[in-house]
Amino acid sequence: MNQVIRIAVQKSGRLSEDSLKLIKECGIKFYNGTGKLKSTSTNFPIEFLYLRDDDIPGYVADGVADLGIVGQNELVEKDKEVQVIKPLGFSKCRLSLAIPKGESYEGLSYFQGKRIATSYPKILGDFLRDAGIQAEIHEISGSVEIAPSIGLAAGICDIVSSGSTLMMNGLKEVAEIFKSEAVLIAHPDLSAEKQETVEKLLFRMNAVQTGKN
Ligand code: PRT
Ligand code: ZN
């Protein structure tokens, strides 16, 4: 009998459905009742923890979960010590700078001395430092896109997928600063027994991915 591993997946949101779909495609059966925070597979040595995506890197770094599925944006922002095992090819998006669409833009110097609203202060801070731009980062946790229209910031840095949210809020994308997709992460120091179970899971995941290409 293999050692049981624990995987942290997003409870509900843009990562949840594809994360659970991938696990099901691996032939792993489990009951995922609404409101449940934990469940166990009936045919594979794995337990599921259903969490907010923000908490997944920390739980995996602390070893509360052995594996996790999270967006690279969240992973890099949280800056926790985990091992990235593989990109999963879903929940693709980008983190971009955007400004009111009527403003003229000639380059990153637009942001010099200005205030930028974001939920990603670390990724944005690193980017601005590398680009040599001094700007004030104003951290907000949601509805970042309304910040310019209420006078809170000159621009924003937020996740973009289709671009329609920016458009609806009268903003235009001016620079992409980070590309993201969902990744499988692991605690950096798994026991040999758990590592064996992880290998079995990876074998199945790779077979699923190969079958799709
Ligand atoms: O509740 P919890 O904390 O778990 O979830 P959450 O609300 O923080 O995250 P969620 O479920 O919205 O997103 C989870 C992950 O999906 C993100 O961390 C990204 O890695 C990825 N992802 C992919 C996205 C998007 N696409 C996306 N479009 N995350 C957010 N958005 C939002 C974005 O913030 C913006 O408001 O969608 C809007 C833009 O979309 P477009 O299509 O209008 O450009
Ligand atoms: Zn979140």
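Scroll up for the structure.
Calculation criteria
Residues numbered from 1 in each chain as written. Chains lettered and ligands numbered in written order. Predicted model: local features only at pLDDT ≥ 70, side-chain atom pairs only at ≥ 80, totals over all residues. Helix = DSSP H or I, 4+ residues; strand = E, 2+ residues; numbered from the N terminus. Buried ≥ 20, exposed ≤ 12 C-beta atoms within 10 Å, placed from the backbone. Contact = placed C-beta atoms within 7 Å. Near = placed C-beta within 6 Å. Nonpolar A, V, L, I, M, F, W, Y, C, P; charged D, E, K, R; others polar. Arc of directions from axis to C-beta.

Draft legend 1. Quick peek at the overall build of the protein chain. Within the protein chain, the secondary structure is distributed over six helices and eleven strands. When its C-alpha atoms are laid out on the principal axes, the protein chain stretches across 65 × 35 × 30 Å. Taking all 213 residues of the protein chain together, the buried fraction comes to 32%. Look at the contacts in the protein chain between residues 6 or more apart in sequence, and 65% of them connect residues 24 or more apart.

Draft legend 2. Representation of the site of ligand 1. Around ligand 1, the surrounding shell holds 21 residues, and the nearest of these are Gly13, Gly71, Ser161, Ser162 and Thr165. Among the elements of the structure, α3 (72–78), β9 (155–160) and α5 (164–168) are those that each provide at least two residues to the shell around ligand 1. The element best represented in the shell around ligand 1 is β9, accounting for three residues. Here the residues of the shell around ligand 1 sort into four nonpolar, eleven polar and six charged.

Draft legend 3. Expanded view of helix α1 (residues 16–25). Those residues of α1 lying buried are Ser19, Leu22 and Ile23. The arc that holds the buried residues of α1, viewed along the axis, is 95 degrees, so those residues lie on one side. Buried residues along α1 sit against β1 (5–10), β4 (67–71) and α6 (192–212). Gly27, located one to two residues past α1, shows a positive phi value of around 80 degrees.

Draft legend 4. Expanded view of helix α4 (residues 121–131). Turning to α4, its buried residues number three or more, namely Ile123, Leu124 and Leu128. Mapping the buried residues of α4 onto a view down its axis gives an arc of 125 degrees, with all of them on the same face. In α4, the exposed positions that point more than 90 degrees away from the buried face belong to Arg129 and Asp130. For α4, the secondary structure elements touched by its buried residues are α3, β6 (93–100), β7 (115–118), β8 (136–139), β9 and β10 (171–180). Phi for Gly132, located one or two positions after α4, is positive at around 70 degrees.

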